[in-house]
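Chain residues, written in single-letter form:
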Amino acid sequence: MEILDGKKTSAQVREELRREVEQIVSAGHRPPHLVAILVGDNGASITYVNAKVKACQEIGFRSSLIKYPAEVSQGELLDKIDELNNDPTVDGFIVQLPLPVHIDEKLVTESIRPEKDVDGFHPVNMGRLAMGQGVLLPATPAGIVELLRRYDIATSGKRAVVVGRSNIVGIPVSLLLAGKYPTGNCTVTICHSRTENLAEITRQADILVAAIGSPHFIKGDMVKQGAVVIDVGITRQPDASKKSGFALLGDVDYEQVAPKCSYITPVPGGVGPMTIAMLMKNTLTAMKMYAPHSDK
Ligand code: NDP
């Protein structure tokens, strides 16, 4: 069994990005610019946004953080999105989800110009992904296939099973694995809470992706010997022994499943670190595609 080390791999991706940005800047152009909008004081959202800003600084991107109180009106948020859509110095921006209930997340997502939608959640980017023409890919699914690629794991013709059908993980990773992409061409089955005989299906997987949000849901007897297992799940559980005050639990029962696998991602240190690296990669891609001759 080999561990798919997301921490190490994401450091490689970030180092490659840092070098590319260095070259862009030394050629006289401005660095890529990522803007993050944070609404309210959700602890997990603050952690994620801060990690994104920090990653920008390390790679040499310009980053801006725009914070709003939870009571901000939908109109004010949409006005800011409009401004960023039209700001030529901004290559990409994200609105950290979830948003307060009085704000329509779908409307917000659809208001971002697809060319600046570095989260890859806009229906246009999702549609391109489904058509085998994805460019700005949702970061977590992109991180998963990047891990497979960098560990030389063959996907073509393999049987992949994805448990979870969310728009941010389950569906896009299924499309990437099934599509005509370099790390694609799998035969994919998508499972969800209505799936009957789930274990029977997961046992057929050469590549099993768990994106459920239910700690240790995938047990040893649900996995085929030699499978590649990708654990996307992150559930925070209070744990006084940890410095942060909580432990992160995956969707896979690692103790039971790891001995059966050829490859497995740990939690933490697997898919999670890849997500931020791929967001950075998207921002650079957006700049190269849509603002290729940006001057300082
Ligand atoms: P959602 O809650 O949006 O989706 C969960 C999916 O799991 C749904 O499709 C649901 O089915 C399915 N599901 C729930 N229970 C079962 C069950 N008993 N059997 C089969 N399917 C089930 O979650 P997300 O996709 O947003 O996230 C999934 C996990 O991944 C979470 O732990 C999240 O924190 C983590 N995550 C990690 C990221 C990272 O960077 N590592 C990034 C994003 C998410 P149905 O559609 O029928 O309800």
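As the structure is a computational prediction, the values presented were derived from the model and not from experiment. (Residues numbered from 1 in each chain as written. Predicted model: local features only at pLDDT ≥ 70, side-chain atom pairs only at ≥ 80, totals over all residues. Heavy atoms only, no water.)

1. Quick look at the UniProt feature "domain: Tetrahydrofolate dehydrogenase/cyclohydrolase NAD(P)-binding" (unreviewed entry) in the protein chain
With numbering matched to this structure, UniProt assigns "domain: Tetrahydrofolate dehydrogenase/cyclohydrolase NAD(P)-binding" (unreviewed entry) to residues 138-289. The span residues 138-289 carries 32% helix and 18% strand; its end-to-end C-alpha distance comes to 17 Å. (UniProt positions renumbered as here; feature names shortened; annotations may be inferred. Helix = DSSP H or I, 4+ residues; strand = E, 2+ residues; numbered from the N terminus.)

2. So, the packing of helix α1 (residues 6-26) against helix α10 (residues 271-290)
The packing of two helices is summarised by the inter-axis angle and the distance between the axes. At a minimum axis separation of 8 Å, α1 and α10 run at an interaxial angle of 25°. Here α1 is positioned roughly parallel relative to α10, judged by the angle of their axes. Viewed along their axes, α1 and α10 form a crossing whose handedness is left-handed. Note on element contacts: α10 touches α1 through Pro273, Met274, Ala277, Met280, Lys281, Leu284, Met287 and Lys288, opposite Gly6, Lys7, Thr9, Ser10, Val13, Arg14, Leu17, Glu20 and Ile24. Looking at the contact of α1 with α10 residue by residue, the classes come out as nine nonpolar, three polar and five charged. (Axes fitted to C-alpha atoms, helices over the stretch in contact; angles between N-to-C directions. Parallel < 35°, antiparallel > 145°, perpendicular 65-115°, else oblique. Left-handed = near helix turned anticlockwise from the far one by under 90°. Contact = heavy atoms within 4.5 Å. Nonpolar A, V, L, I, M, F, W, Y, C, P; charged D, E, K, R; others polar.)

3. Points about the site of the ligand
Near the ligand lie 19 residues; those nearest to it are Arg165, Ser166, Ser193, Ile234 and Thr275. His192 has a polar backbone atom sitting 3.5 Å from a nitrogen atom of the ligand. Val232 places a polar main-chain atom, nitrogen or oxygen, 3.5 Å from an oxygen atom of the ligand. Contact with the protein chains removes 68% of the 920 Å² of surface that the ligand exposes when unbound. If one sorts the elements of the shell around the ligand by residue count, α10 sits on top with three residues. (Near = heavy atom within 4 Å. Polar contact = N/O pair within 3.5 Å; in protein donor to acceptor, adjacent residues only side chain to side chain. Areas by Shrake-Rupley, 256 points an atom, 1.4 Å probe, with all protein chains shown as cover.)

4. As for the nonpolar core
Counting residues in each nonpolar core, the largest one holds 53 residues, and the members touching the most others are Leu4, Leu177, Val209, Val228, Ile230, Val232 and Met280. Beyond its immediate sequence surroundings of up to four residues, Ile230 is in contact with Leu4, Ile144, Leu148, Leu208, Val209, Ala210, Thr265 and Val271. Formed by 18 residues, the second largest nonpolar core is a distinct cluster that contains Val161, Cys191, Leu198 and Ile218. (Core = buried A, V, L, I, M, F, W, Y, C linked by side-chain atoms within 4.5 Å. Buried < 20%, exposed > 50% of the residue type's maximum accessible area, 1.4 Å probe, protein only.)

5. Comments concerning the sheet that holds strand β2 (residues 33-39)
The three strands are arranged β3-β2-β4 in an open sheet whose pairing can be described as parallel. Two strands close off the open sheet at either side, each with one partner strand: β3 (62-68) and β4 (92-95). Averaged over all neighbouring strand pairs, the angle between strand axes comes to 15°, with direction disregarded. Of the pairings in the sheet, the one linking β2 to β4 comprises four bridges and is parallel in character. Bridge pairing in β4 links Ile37 to Val95. (Pairing = 2+ DSSP bridges.)

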